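Structure assessment
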Amino acid sequence: SSSSSSSSSSSSSSDANVVTDFEHSTGLYRAELEGLAQGKDIFDHYDFTRAPKGTKESPCVVTSEMDYRVVGVTDPDDDSIVIWGRLEEGKGPMLIGDEWFVHKRVGGGGH
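First, a word on what this report is: a plain description of the structure on this page. (Residues numbered from 1 in each chain as written. Predicted model: local features only at pLDDT ≥ 70, side-chain atom pairs only at ≥ 80, totals over all residues. Heavy atoms only, no water.)

**So, the side chain of Ser 25**
For clarity, the threshold we go by: What counts as a helix is a DSSP run of H or I of at least four residues, what counts as a strand is a run of E of at least two, and both are numbered from the N terminus. Every residue pair with non-hydrogen atoms within 4.5 Å of one another is taken to be in contact.
As for its position among the elements, Ser 25 is in the loop between α2 (21-24) and α3 (27-37). Residues within four places of Ser 25 in sequence aside, it is in contact with Arg 30 and Leu 33.

**A closer look at the pattern of salt bridges**
Convention followed: By definition, a salt bridge exists where a carboxyl oxygen of Asp or Glu is found within 4 Å of a side-chain nitrogen of Lys or Arg. For each residue, the accessible area found with a 1.4 Å probe, counting protein chains only, is set against the maximum for its type, and the residue is called buried under 20%, exposed over 50%, and partly exposed in between.
Enumeration according to the criterion identifies 5 salt bridges in this entry. Glu 34 is paired through a salt bridge with Arg 30; the nearest N and O atoms lie 3.4 Å apart. Highlighted residues: Glu 34 and Arg 30, both in helix α3, separated by 4 residues, approximately one helical turn. Accessibility expressed as a relative area gives 37% for Glu 34, which makes it partly exposed. Within this structure, Arg 86, Glu 88 and Lys 91 form a network of salt bridges that share partners.

And the structure:
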């Protein structure tokens, strides 16, 4: 009877020392787990499809550390066709495909 009591206490103490994935995670994996805990998928590559469409009055803002950024938009009638445009710092909104975009330079760069 005393041996079963000691085996159950040793198993519960070893369970208490098991490190979870979250406690052991770092970097992008940790960010992914934190996002999932909040109900978000940080690697949602289709998030932009739910964003409002860029208009001339309210274009999609495309950030870059460089003074330009190349943007590709799929043709609405044939998604195997990509329409390319080069957004440049200091220039106004640009129509690429059926959507408007504007460049916004952010810190860093030096290219």
